[in-house]
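A closer look at the structure
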Amino acid sequence: MRGWLAALLAAMLGAAPICLAAAEDYPTRPVTMIVPFPAGGATDTLARFLGERLNAVLKQPVVIENVGGAAGSLGVGRAVRASPDGYTLSIGTSTTHMLTGGLYALPFDLLRDLEPVILIGSEPLLIVGRKDLPADDLKQLIAWLKANPDKASVGIAGVGATGHLAGIALQKETGTQFQFVPYRGNGPAMQDLVAGQIDAMIEPASNFKALVGAGNIKTFAVTSKARSPSWPDIPTADEAGLSGYSASLWYGLWVPKGTSKDITAKLNAAMVQILASPQVTQRFAELGIQVSPLVQQSPDALRNYQQEEAERWWPIIRASGVKVE
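We now turn to the structure provided with this report.

With that out of the way, let us pick up the packing of helix α4 (residues 94-103) against helix α11 (residues 299-320). Running from amino to carboxyl end, α4 crosses α11 at an angle of 35°, the nearest separation of the two axes being 8 Å. Judged by the twist between their axes, the crossing of α4 over α11 is right-handed. Facing α4, whose interface residues are H97, M98, L99, G101, G102 and L103, α11 presents Q306, E309, A310, W313, W314, I317 and R318. Grouping the amino acids of the contact of α4 with α11 by side-chain chemistry returns seven nonpolar, four polar and two charged.

In C-alpha cells:
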C-alpha cells in the first residue's frame, strides 16, 4: 500500500510541471473561436476583427468557426463540449450566453459550463418610432401608448431577442400594452418602420445609424445608463423621464469549463491588451460598441455580471410567458 501511494504521489508531482509548462508554452497551434451565428452578422464581424489582433498577440492563427442555430445555442453547445485546453474560444452576446438560459431548456448550464475570460463591451438599444408618430420625446411616446392600449405595433428581430425582452420590460415599467411583430432579423423590421407599417422598435443602436442620419425615423432614447459616445445627442431613458430603465446587448469571451486558470489568465491578458488599443476603441465606436471599463475586464467581473443579468432577465422572461419554438 505504501509503495502504491508513493508511486501515485510521484506521478502527481511529476504531472504538475508538465501542466505548468503547457500553460507557459500556450498556444502552440491554431486557436478556434466559435461564433454562434452565421457569417456576416455583427458578432461575426466583431469576432474576425478581434481574432486578427489575438493572432498578433498569441502568435498563432485564430480560426473563426460559425455555428448558427437555436438563437446561438448550437454554437455555445459546441464550445461547451470542446476540450478544455484553451484551443476553443466561445465568443457571444448577452442573448447567446445569458438570455437563452431563460428561454430554452438547454442541455448545458450557461452559468457553470463555460469559464469567463473577459467582458468585451456593450451596445445600448435605441427606442425609435416611425417618422410621423404623434410623439416627439419619450414621455409623449409613453403617453401615446397609454392612450392607445394594444393598438401600437413594435417590430422585433425574433421572439425572445434582446429587443423583445426590452419591450416587455418597458411595458412592465410604464404600464403600457402594445403588440409585438416578429421579423426574421432587424433589416425587414426597419424597412417596415420607415414605410410606416409598424410604429416603433427597440433594438441595438447600431442598426439604426443610417436611418437616424437620414432623418427617416424618430429617436426617443438610448437604453444605456449613460449617454453613448456614438449617440451623444440622444438622451438616456432615465434622462428622458423613465427612471431606472436600462438594457444593453453585451459581448463576452469564454472557454470550456475546466480550462487551466493559467491559460484563462493568458487569454484575459491578451484581450485586455487588445481592448486598450486606440485602433480598437475607434473600430468599436464605428460598430456602436463601448469597450468595457478596465475594472470590468477580469474573468470574475464577467462571471458576476452574467449572473446579475440572469437574475434580472430570467424572471422577466418566465413571467412574460414567452414561448420560443
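Next comes the rest of the description.
The next point concerns the environment of A205. Assignment of secondary structure puts A205 in the loop between β7 (200-204) and α8 (209-214). Every residue in contact with A205, bar those within four places of it in the chain, is listed here: E123, P124, L125, L126 and W231.

Ranked by size, the top nonpolar core spans 48 residues in total, and within it I127, L138, L141, Y245 and W313 carry the most contacts. The leading source of residues in this core is α11, at six residues.

This part covers the packing of helix α2 (residues 42-58) against helix α10 (residues 278-287). Put simply, α2 and α10 touch, their axes get as near as 12 Å, and they point 175° apart. Put simply, α2 runs roughly antiparallel to α10. On α10, the residues that touch T45, L46, F49, L50 and R53 of α2 are Q279, V280, R283, F284 and L287. Partitioned by chemical class, the residues of the contact of α2 with α10 number six nonpolar, two polar and two charged.

Within this structure, the stated rule accounts for five aromatic pairs. Between the aromatic rings of F49 and F284, the centroid separation amounts to 6.4 Å while the plane-to-plane angle is 55°, which identifies the pairing as tilted. Taken together, the residues F49 in helix α2 and F284 in helix α10 connect sequence positions 235 residues apart. Look at F49 and you get buried, because its relative accessible area is 11%. Aromatic side chains W250 and Y305 sit 5.3 Å apart centroid to centroid with 55° between the ring planes, which places their arrangement in the tilted category. Taken together, the residues W250 in strand β9 (residues 248-256) and Y305 in helix α11 connect sequence positions 55 residues apart. Residue W250 is classed as buried on the basis of its relative accessible area of 0%. Overall, the relative accessible area of 23% leaves Y305 in the partly exposed class. An aromatic cluster is built from W250, W254 and Y305, whose rings are joined through pairwise contacts. When the ring centre of Y87 is taken as origin, the NZ or CZ atom of R29, which lies over that ring, is 3.7 Å away.

Residue position: T32 is located in strand β1 (residues 31-35). Dropping the residues within four chain positions of it, T32 is found in contact with V63, E65, Y87, T88 and L89.

Compared with an ideal rise of 1.5 Å per residue, which puts 22 residues at 32 Å, α11 spans 31 Å between its outermost C-alpha atoms and is within 8% of the ideal. Its axis deflected by about 25° at E311, α11 carries its strongest bend there, up to four residues before the proline P315. By the burial criterion, the buried members of α11 are A301, L302, Q306, E309, A310, W313, W314, I316 and I317. Positioned one or two residues after α11, G321 has a phi angle of 75°, which is positive.

This part covers unusual backbone geometry. Cis geometry is adopted by the peptide bond preceding P27, which originates at Y26 and carries an omega value of -5°. Within the secondary structure, P27 sits in the loop between α1 (2-25) and β1. At K59, a position not held by glycine, the phi torsion is positive, near 65°. Among the structural elements, K59 can be located in the loop between α2 and β2 (62-66).

Calculation criteria
- The residue numbers shown here count from 1 along each chain, following its written sequence.
- Given that the model is predicted, a residue must reach a pLDDT of at least 70 before its local features are reported, and side-chain atom pairs must reach 80 or more before they are shown or counted; all residues, however, enter totals for whole chains, interfaces and linings.
- The basis for every side-chain value is the complete set of heavy atoms in the structure, and neither hydrogens nor water enter the calculation.
- Axes here mean lines fitted to C-alpha atoms, for a helix over just the part in contact, with angles spanning 0 to 180 degrees between N-to-C directions.
- Strands are runs of DSSP state E lasting at least 2 residues, helices are runs of H or I lasting at least 4, and numbering of each runs from the N terminus.
- Note on convention: the crossing is left-handed when the near helix lies turned anticlockwise from the far helix by less than a right angle, right-handed when the turn is clockwise.
- Note on contacts: a residue pair is in contact if any heavy atoms of the two residues lie within 4.5 Å.
- Residues are grouped as follows: Ala, Val, Leu, Ile, Met, Phe, Trp, Tyr, Cys and Pro are nonpolar; Asp, Glu, Lys and Arg are charged; all remaining types, including Gly, are polar.
- To qualify as a nonpolar core, a set must consist of buried Ala, Val, Leu, Ile, Met, Phe, Trp, Tyr and Cys residues joined through side-chain atoms within 4.5 Å.
- Under the scheme applied here, a residue whose accessible area is under 20% of the maximum for its type counts as buried, over 50% as exposed, and between as partly exposed, the area being computed with a 1.4 Å probe on protein chains only.
- Should an angle fall under 35 degrees it is taken as roughly parallel, and over 145 as roughly antiparallel, whereas 65 to 115 is taken as roughly perpendicular and any remaining angle as oblique.
- Geometry of aromatic contacts follows a simple scheme: Phe, Tyr and Trp rings, the Trp one being its six-membered ring, pair when their centres are within 6.5 Å, and the pair is stacked under 30 degrees between planes, edge-to-face over 60, tilted otherwise.
- For a Lys NZ or an Arg CZ to count as sitting over a ring, it must be within 6 Å of the ring centre and within 35 degrees of the ring normal.
- Expected helix span is computed as 1.5 Å times (number of residues minus one).
- The term bend refers to the angle at a residue between two fitted axes, each drawn through seven residues, those ending there and those starting there.

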